[in-house]
Amino acid sequence: MDTENIWLIIGFLGQGLFSARFIVQWLKSEREKKSVFPIAFWYFSIAGGVTLFAYAVHRQDPVFIVGQLTGLFIYLRNLYFVIYEHKNLKIE
């Protein structure tokens, strides 16, 4: 297997992780009968975003790179809010 095929696999893996976040969110929302974002949504977002960012850097695609970096910042910030809120609820 050559390097380019390995990078294609990495790209598809990243896309798979990124897409899985919607399945996780959909299943959780169906269970709760309302729209919710479980913490796994943010972990899948970050894992997919990091993998796709690596693929974008390999491809040297500035549009893809900027898009993934922007998304990663948002996913990390949202995960921070979820963890911070969870810690505050336990303390009070």
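Given the structure is predicted, the values throughout are model-derived calculations rather than measurements.

A.B. asks: Explain the overall build of the protein to me, using residue names and the numbers behind them.
C.D. replies: From N to C terminus, the protein includes three helices and zero strands. Tracing the protein from N to C terminus, the helices and strands come up as α-α-α. For 92 residues, the compact-globule estimate of 2.2 N^0.38 gives 12 Å, and the protein exceeds it by more than 25% at 16 Å. Oriented by its inertia axes, the alpha-carbon framework of the protein measures out at about 55 × 25 × 20 Å. Residues counted as buried form 26% of the 92 residues belonging to the protein. Across the protein, the fraction of contacts at a sequence separation of at least 24, relative to all contacts at a separation of at least 6, is 57%. Carbon and sulfur atoms make up 68% of the accessible area of the protein, which totals about 6,600 Å². Of note, the protein has its 9 positive side-chain charges centred 9 Å away from the centre of its 7 negative side-chain charges.

A.B. asks: Residue-level account of the environment of Asn 5, with values.
C.D. replies: Tracing the backbone shows Asn 5 in helix 1 (residues 3–32). At a separation of 3.0 Å, a polar atom in the side chain of Asn 5 contacts the side chain of Asp 2.

A.B. asks: Could you give an account of the packing of helix 1 against helix 2 (residues 39–59), with specific residues and numbers?
C.D. replies: The angle between the axes and the distance between the axes are what describe a pair of packed helices. One way to put it is that helix 1 packs onto helix 2 with a least axis distance of 8 Å and a crossing angle of 155°. By the angle class used here, helix 1 and helix 2 are roughly antiparallel. Classified by chirality, the crossing of helix 2 by helix 1 is left-handed. Classifying every residue of the contact of helix 1 with helix 2 gives 15 nonpolar, nine polar and three charged.

A.B. asks: Explain the environment of Trp 7 to me, using residue names and the numbers behind them.
C.D. replies: With respect to the helices and strands, the residue Trp 7 is situated in helix 1. Distance from Trp 7 to Tyr 55, taken between C-alpha atoms, is 6.6 Å for residues 48 residues apart in sequence.

A.B. asks: Which residues make up the confidence of the model for the protein, and what values do they have?
C.D. replies: For the protein, per-residue confidence averages 93 on the pLDDT scale, and residues scoring 70 or more make up 98% of the total. Here helix 3 (residues 62–91) is the element of the protein with the lowest mean pLDDT, 91, and helix 2 is the one with the highest, 96.

A.B. asks: Can you explain the pattern of salt bridges? Please cite residues and give values.
C.D. replies: Under the definition given, this model contains one salt bridge. Ionic pairing is found between Lys 28 and Glu 32, a salt bridge with its closest N-O pair at 3.0 Å. Of the two residues, Lys 28 and Glu 32 are both situated in helix 1; the distance of four residues between them amounts to about one turn of the helix. The class of Glu 32 is partly exposed, set by a relative accessible area of 35%.

Rules used throughout
- Residues numbered from 1 in each chain as written.
- Predicted model: local features only at pLDDT ≥ 70, side-chain atom pairs only at ≥ 80, totals over all residues.
- Heavy atoms only, no water.
- Helix = DSSP H or I, 4+ residues; strand = E, 2+ residues; numbered from the N terminus.
- Rg over C-alpha atoms; globule rule 2.2 N^0.38 Å.
- Buried < 20%, exposed > 50% of the residue type's maximum accessible area, 1.4 Å probe, protein only.
- Contact = heavy atoms within 4.5 Å.
- Areas by Shrake-Rupley, 256 points an atom, 1.4 Å probe, with all protein chains shown as cover.
- Lys, Arg positive; Asp, Glu negative; His and termini not counted.
- Charge placed at Lys NZ, Arg CZ, Asp CG, Glu CD.
- Polar contact = N/O pair within 3.5 Å; in protein donor to acceptor, adjacent residues only side chain to side chain.
- Axes fitted to C-alpha atoms, helices over the stretch in contact; angles between N-to-C directions.
- Parallel < 35°, antiparallel > 145°, perpendicular 65-115°, else oblique.
- Left-handed = near helix turned anticlockwise from the far one by under 90°.
- Nonpolar A, V, L, I, M, F, W, Y, C, P; charged D, E, K, R; others polar.
- pLDDT = per-residue confidence, 0-100.
- Salt bridge = Lys/Arg side-chain N within 4 Å of Asp/Glu carboxyl O.

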